[in-house]
Amino acid sequence: MLFISTSYAQSKTIVGVAAGNENFTTLVAAVKAADLVETLNSEGPFTVFAPVNSAFDALPTGTVDNLLKPESKDALTGILTYHVVAGNYMAGDVINAIKGNNGAFSVKTVQGGSITLSLSGDKVMLKDANGNMATVIMADVAASNGVIHAIDTVVMPK
């Protein structure tokens, strides 16, 4: 059974997988508003640290509504691409990189900034450019052009 569901998930791109998951409706709306659907449907591969709806809900009141406005497209694009890393990094790869680099591993995002990955117990943590932390709450959601790791907080570039 697992093989069948995995191969089914892999037939969809990152956008298709996210669009089919009720936890990512805000993210999908943001990706559409930023005109990133075509990019995230492209060959990749990409690793997306995808904030769940509750992560967007935790932002200050009005933040998401303002970011979805056409005049905020550049800012929204910067925030969203800060959650994307070029390459296909499964949870095991991430954990091995953290352990092999004295407990912290910095990765460059498609946006150009960096996020630092570390472990807290058995949880993978992300630290953004401002020192804010996010926790991976669901790992290794396979897509045809990469992988999604769901996170509980929206990380922000400088």
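Everything here concerns the structure above.
To keep things clear, this report deals only with the structure shown in the data block. Computed from a predicted structure; not experimentally measured.

**Remarks on the sheet that holds strand β2 (residues 84-86)**
The strands making up a sheet are joined through hydrogen bonds of the backbone, oriented either antiparallel or parallel. Strands sit in the order β2-β1-β7-β6-β5-β4-β3 across an open sheet of 7 strands; the sheet is mixed. Edge positions in the sheet fall to β2 and β3 (104-108), since each of these pairs with one other strand and no more. Each strand axis lies, on average, 30 degrees off the axis of its neighbour in the sheet, ignoring direction. Pairing of strand β4 (residues 114-120) with strand β5 (residues 123-127) involves 5 bridges; the strand directions are antiparallel. Residue pairing in the sheet places Leu-119 in a bridge with Val-124 of β5.

**Examining helix α3 (residues 25-33)**
Restricting attention to buried positions, one finds in α3 the residues Thr-26, Leu-27, Val-28, Ala-30 and Val-31. Close packing links the buried residues of α3 with α2 (14-19), α4 (37-41), β1 (46-51), α5 (53-57), α6 (63-67) and α7 (73-81). Positive backbone phi, at 55 degrees, marks Asp-35, one or two positions downstream of α3.

**Structural notes on the nonpolar core**
Counting 30 residues, the largest nonpolar core has Phe-24, Leu-27, Val-31, Leu-80 and Ile-148 as its most contacted members. Counting residues per element, the ones that place at least two in this core are α2, α3, β1, α5, α6, α7, β6 (133-143) and β7 (146-151). Apart from residues lying up to four places away in sequence, Leu-27 is in contact with Ala-50, Pro-51, Asn-53, Phe-56 and Leu-80. Judged by nonpolar contacts, the second largest core, of 14 residues, contains Tyr-82, Val-85, Leu-126 and Ala-134.

**Section: the pairing of β1**
The buried count for β1 comes to 6 of 6 residues, which makes it a mostly enclosed element. Alternating positions in β1 separate into two faces, Phe-46, Val-48 and Ala-50 on one and Thr-47, Phe-49 and Pro-51 on the other, with burial throughout. In terms of strand pairing, β1 meets β2 through 3 bridges, oriented antiparallel. The residue of β2 that forms the bridge with Phe-46 is Ala-86. Pairing between β1 and β7: 6 bridges, direction parallel. Residue pairing in the sheet places Phe-46 in a bridge with Gly-146 of β7.

Parameters and conventions
Residues numbered from 1 in each chain as written. Predicted model: local features only at pLDDT ≥ 70, side-chain atom pairs only at ≥ 80, totals over all residues. Heavy atoms only, no water. Pairing = 2+ DSSP bridges. Helix = DSSP H or I, 4+ residues; strand = E, 2+ residues; numbered from the N terminus. Axes fitted to C-alpha atoms, helices over the stretch in contact; angles between N-to-C directions. Buried < 20%, exposed > 50% of the residue type's maximum accessible area, 1.4 Å probe, protein only. Contact = heavy atoms within 4.5 Å. Core = buried A, V, L, I, M, F, W, Y, C linked by side-chain atoms within 4.5 Å.

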